[in-house]
Every structure is written in structure tokens, then in C-alpha cells.
Amino acid sequence: QVQLVESGGGWVQPGESLRLVCAASGSISSFNDMGWYRKAPGKQRELVASISENSRTNYADAVRGRFPISRDNAKNKVYLQMNSLKPEDTAVYYCNASVLVRGRLWNENFWGQGTQVNVSS
């Protein structure tokens with residue numbers, strides 16, 4: 001059906017930057033909302049940022065102003081530019097997309113496998 005593959009995670013020091021990329025493939029007719037979530041050890045998964053089909057964005061308070069989200073509909077990709085990273089940003093980051101699968105009548109929700117981000121000195 002639809003696969004979401006994240007890349008760009010890694011180990012960085014506080015204050016540095018990373019860019020996460022989520023690439024979607026499969027029987028895709030169109031995308032609706034796309035977003036990034038994260039899960040830190042001992043915490044529940046939380047929304048980091050989302051972007052609608054017409055590029056309206058929504059951010060968690062903890063990342064607003066540091067993590068701009070963007071999308072390229074032609075390439076079926078969504079990006080998360082993570083700037084001024086902090087140790088508390090350490091988590092597994094997951095891509096999420098609401099997709100209209102080709103041949104179906106309603107959107108379905110898909111998740112990537114996640115990419116680890118570690119921020120420490």
C-alpha cells in the first residue's frame with residue numbers, strides 16, 4: 001500500500017541542527033495532513049509539527065520557532081528542519097501521513113518506522 005521512510009536522524013551536540021526527511025511511496029492518490037511525532041523514553045508519543053495539504057502548519061510549544069516543517073507534494077516528502085537542538089529533544093521521531101490510497105474513497109493514516117535523534121554533549 002503506502003510506505004513512509006524517515007531519514008536524517010543522528011547524534012548531535014546541543015545547539016546543532018538536523019533535517020529529517022520522510023519519503024512516501026506506494027499507491028498514493030493524494031496526501032492530506034502530514035506530520036512528525038516523537039517519543040522520548042518514559043514519555044508518551046507527542047505531536048511535534050504538522051502541515052496540511054495547503055501548507056497550514058501547527059507546532060508543539062516546545063519546538064515552535066526552532067523546527068519548521070515543510071512538504072513537497074510533487075516528491076511525496078515532508079521535512080522537519082530541527083535547529084538549536086536541546087537534550088530534551090532526544091527521542092525517536094516518527095513520520096505520519098493521512099493518505100488517500102489509490103482506488104479508495106477515504107483517507108487512511110500511515111506511520112513510518114521512526115528515526116532516532118540524540119542530543120547530548
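Here is a short report on the structure shown in this document. Computed from a predicted model, the values in this text were never measured in an experiment. (Residues numbered from 1 in each chain as written. Predicted model: local features only at pLDDT ≥ 70, side-chain atom pairs only at ≥ 80, totals over all residues. Heavy atoms only, no water.)

## Things to note about the pattern of salt bridges
With the rule as written, the count across this model stands at five salt bridges. Between E46 and R38 there is a salt bridge, with the nearest N and O atoms lying 2.8 Å from each other. Look at R38 and you get buried, because its relative accessible area is 6%. Across the pair R66 and D89 runs a salt bridge, and its minimum N-O distance is 2.9 Å. Pair noted here: R66 is in the loop between β6 (57-59) and β7 (69-72) and D89 is in the loop between β8 (77-82) and β9 (91-101), with a separation of 23 residues, a long-range link. What emerges from the salt-bridge pattern is a single network uniting R38, E46, R66 and D89. (Salt bridge = Lys/Arg side-chain N within 4 Å of Asp/Glu carboxyl O. Buried < 20%, exposed > 50% of the residue type's maximum accessible area, 1.4 Å probe, protein only. Helix = DSSP H or I, 4+ residues; strand = E, 2+ residues; numbered from the N terminus.)

## Observations regarding unusual backbone geometry
Backbone geometry places S55, a non-glycine residue, at a positive phi of 70°. The topology assignment puts S55 in the loop between β5 (46-51) and β6. Backbone geometry places N76, a non-glycine residue, at a positive phi of 55°. Checked against the element boundaries, N76 lands in the loop between β7 and β8.

## Things to note about the sheet that holds β8
Through backbone hydrogen bonds, the strands of a sheet pair up, either in parallel or in antiparallel fashion. Pairing within the open sheet is antiparallel, and its four strands lie in the order β1-β3-β8-β7. Single-partner strands in this sheet number two, and they are β1 (2-7) and β7. When the angles between neighbouring strand axes are averaged without regard to direction, this sheet yields 20°. With six bridges connecting them, strand β3 (residues 18-26) and β8 associate as antiparallel partners. Residue pairing across strands places R19 opposite Q81, the latter belonging to β8. (Pairing = 2+ DSSP bridges. Axes fitted to C-alpha atoms, helices over the stretch in contact; angles between N-to-C directions.)

## Overview of the pairing of β3
Sheet topology note: the β1/β3 ladder contains six bridges and is antiparallel. Each bridged residue has a counterpart across the sheet, and for V2 the counterpart in β3 is G26.

## Comments concerning the packing of aromatic side chains
Summed over all chains, the structure comprises one aromatic pair. With 5.0 Å between their ring centres and 65° between their planes, Y37 and W111 make a pair best called edge-to-face. In this pair, Y37 sits in strand β4 (residues 28-39) while W111 sits in strand β10 (residues 107-111), placing the two residues 74 residues apart along the sequence. Using a relative accessible area of 32% as the deciding quantity, one classes W111 as partly exposed. Stacked on the ring of W111, the Lys or Arg R45 has its end atom at 3.8 Å from the ring centre. (Phe/Tyr/Trp six-rings, centres within 6.5 Å; stacked < 30°, edge-to-face > 60°. Lys NZ or Arg CZ within 6 Å of the ring centre and 35° of its normal.)

## Side note on the pairing of β7
Side chains of β7 alternate between two faces, with I69 and R71 buried and S70 and D72 left unburied. Pairing analysis gives four bridges linking β7 to β8, with the strands arranged antiparallel. The partner of D72 across the bridge, within β8, is K77. Joining the antiparallel neighbours β7 and β8 is a turn of four residues, in which N76 adopts a positive phi near 55°.

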